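One-letter residues, chain by chain:
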Amino acid sequence: MVFFFLMIRRPPRSTLDRSSAASDVYKRQVYKLEHGDLASALRTARQLAQDHARKPAALDALSRVLADGSLHWGLRQEAALDLGSMGGDVAGAALVAGLGDADQRIRRAVVVALGRLGGARGAAALEKAIEQDPSEEVGGAAAVALGTMQAPRADVVLQGLLERDARYYDVFRLAALQGLAELEDKSHVPTFARHIGPAFNQGLRLAAIDGWSRAAPQDPDLAAALKTLARDPDYTIRGAALDALGELHHAGDMEFLSEYAKAASDRNLQKLSLIHI
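Residues numbered from 1 in each chain as written. Predicted model: local features only at pLDDT ≥ 70, side-chain atom pairs only at ≥ 80, totals over all residues. Heavy atoms only, no water.

Another aspect to go through is the overall build of the chain. Secondary structure assignment for the chain yields 16 helices and 0 strands. The C-alpha radius of gyration computed for the chain amounts to 25 Å, which surpasses the reference 19 Å derived for 277 residues by more than 25%, pointing to a less compact arrangement than a globule. Expressed along its principal axes, the backbone C-alpha trace of the chain runs to roughly 100 × 45 × 40 Å. Expressed as a percentage of the 277 residues in the chain, the buried residues total 47%. Within the chain, contacts between residues at least 6 apart in sequence are counted, and of these 56% link residues at least 24 apart. Split by element, the accessible area of the chain, about 15,100 Å² in all, is 54% carbon and sulfur. (Helix = DSSP H or I, 4+ residues; strand = E, 2+ residues; numbered from the N terminus. Rg over C-alpha atoms; globule rule 2.2 N^0.38 Å. Buried < 20%, exposed > 50% of the residue type's maximum accessible area, 1.4 Å probe, protein only. Contact = heavy atoms within 4.5 Å. Areas by Shrake-Rupley, 256 points an atom, 1.4 Å probe, with all protein chains shown as cover.)

To continue, consider helix α14 (residues 235-248). Compared with an ideal rise of 1.5 Å per residue, which puts 14 residues at 20 Å, α14 spans 20 Å between its outermost C-alpha atoms and is within 8% of the ideal. Buried within α14 are the following residues: Ile237, Arg238, Gly239, Ala241, Leu242, Ala244, Leu245, Gly246 and Leu248. If you follow the buried residues of α14, they end up packed against α12 (202-215), α13 (220-229), α15 (251-263) and α16 (267-274). Where α14 starts, the residue carrying a side-chain oxygen 2.8 Å from the main-chain nitrogen of threonine 236 turns out to be aspartate 234. At the exit of α14 stands histidine 249, carrying a positive phi of roughly 55°. (Expected span 1.5 Å × (residues − 1). Polar contact = N/O pair within 3.5 Å; in protein donor to acceptor, adjacent residues only side chain to side chain.)

Contact geometry for helix α8 (residues 136-148) and helix α9 (residues 154-161): axes closest at 9 Å, N-to-C directions at 150°. Of the two possible hands of crossing, α8 and α9 adopt the one that is left-handed. Contacts from Ala143, Leu146 and Gly147 in α8 reach Ala154, Val157, Leu158 and Leu161 in α9. (Axes fitted to C-alpha atoms, helices over the stretch in contact; angles between N-to-C directions. Left-handed = near helix turned anticlockwise from the far one by under 90°.)

Let's shift gears to α12. The end-to-end C-alpha distance of α12 is 20 Å, a good match for the 20 Å that 14 residues give at a rise of 1.5 Å each. Burial of α12 is extensive: 10 of the 14 residues sit out of reach of the surface. Turning to α12, its buried residues number three or more, namely Gly203, Leu204, Arg205, Ala207, Ala208, Ile209, Gly211, Trp212, Ser213 and Ala215. Buried residues belonging to α12 abut α10 (171-183), α11 (189-194), α13 and α14. Where α12 begins, one side-chain oxygen reaches toward the backbone nitrogen of glycine 203, 3.0 Å away; that side chain belongs to asparagine 201.

Quick look at the environment of histidine 249 now. Looking at where histidine 249 falls in the secondary structure, it is placed in the loop between α14 and α15. A relative accessible area of 54% places histidine 249 in the exposed class. Between the C-alpha atoms of histidine 249 and glutamine 218, which are 31 residues apart in sequence, the distance is 9.9 Å.

This paragraph deals with the side chain of arginine 173. Considering the arrangement of structural elements, one finds arginine 173 in helix α10. When its relative accessible area of 16% is taken as the criterion, arginine 173 is described as buried. Here leucine 162 takes part through its backbone oxygen, which lies 2.7 Å from a polar atom of the side chain of arginine 173. Residues contacting arginine 173, with those up to four places away along its chain left out, are Leu161, Leu162, Glu163, Arg164, Asp165 and Leu204.

Moving on: the nonpolar core. Ranked by internal contacts, the top residues of the largest apolar core, which has 83 residues, are Leu66, Leu146 and Leu226. In terms of residue count, the dominant contributor to this core is α10 (8 residues). (Core = buried A, V, L, I, M, F, W, Y, C linked by side-chain atoms within 4.5 Å.)

Function-wise, these values are silent; they only describe arrangement.
Here you go:
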């Protein structure tokens, strides 16, 4: 009689041990997120997003944290940002729900996270926040996020937002310029060029300098405008113009920067002139 034995090959014990240990670590992380002290929970939230981005339990745990109004706002904010980085339908649903939160700090984190998440659902939610959120800060952050994700309708929405007045410090126009800068589209150069002049506040002018520099760094009109702004009465504008001019790395601008440094009496402006030479 011949006997046949079924041989079952088991992984080495060390492999099983490592797998079990990893599972135990993951379970402890989920527990610490919901039951640990604030500092520990913040660290754990980031760790879950980095190491377990596709695990349903991690997504569910962070979604619960975001939705729990009894938890510290800083932890809920962290959960929102981590969900945006993790991506997926579960994260998207949790973030869209978060737009209805009573705390504007949470809603601001949610719109930033939606910009990271991307996709049509995120873009639609951001447009809704721009139009309907009662906080201008949240609406502005949503506008920048819309540009960051380079949504198909970002151009139209942000150009329209340039015409919208705000109660405080031109929040909407500033956000629109910052969002347009994220698109890095040379068709927006006229918009940026229009906002670099002294008729606008410093924040808008700085955003316009950055936007123009990113959209069309080879534009000869940009270098000429920056050289003019290097003589601007506003000290901060002068510094930003010098830095942007140096970042262009155009050989023809080096002589201007060198001569500017020689004539400048301010040491910080001298350094900004020379740092890119």
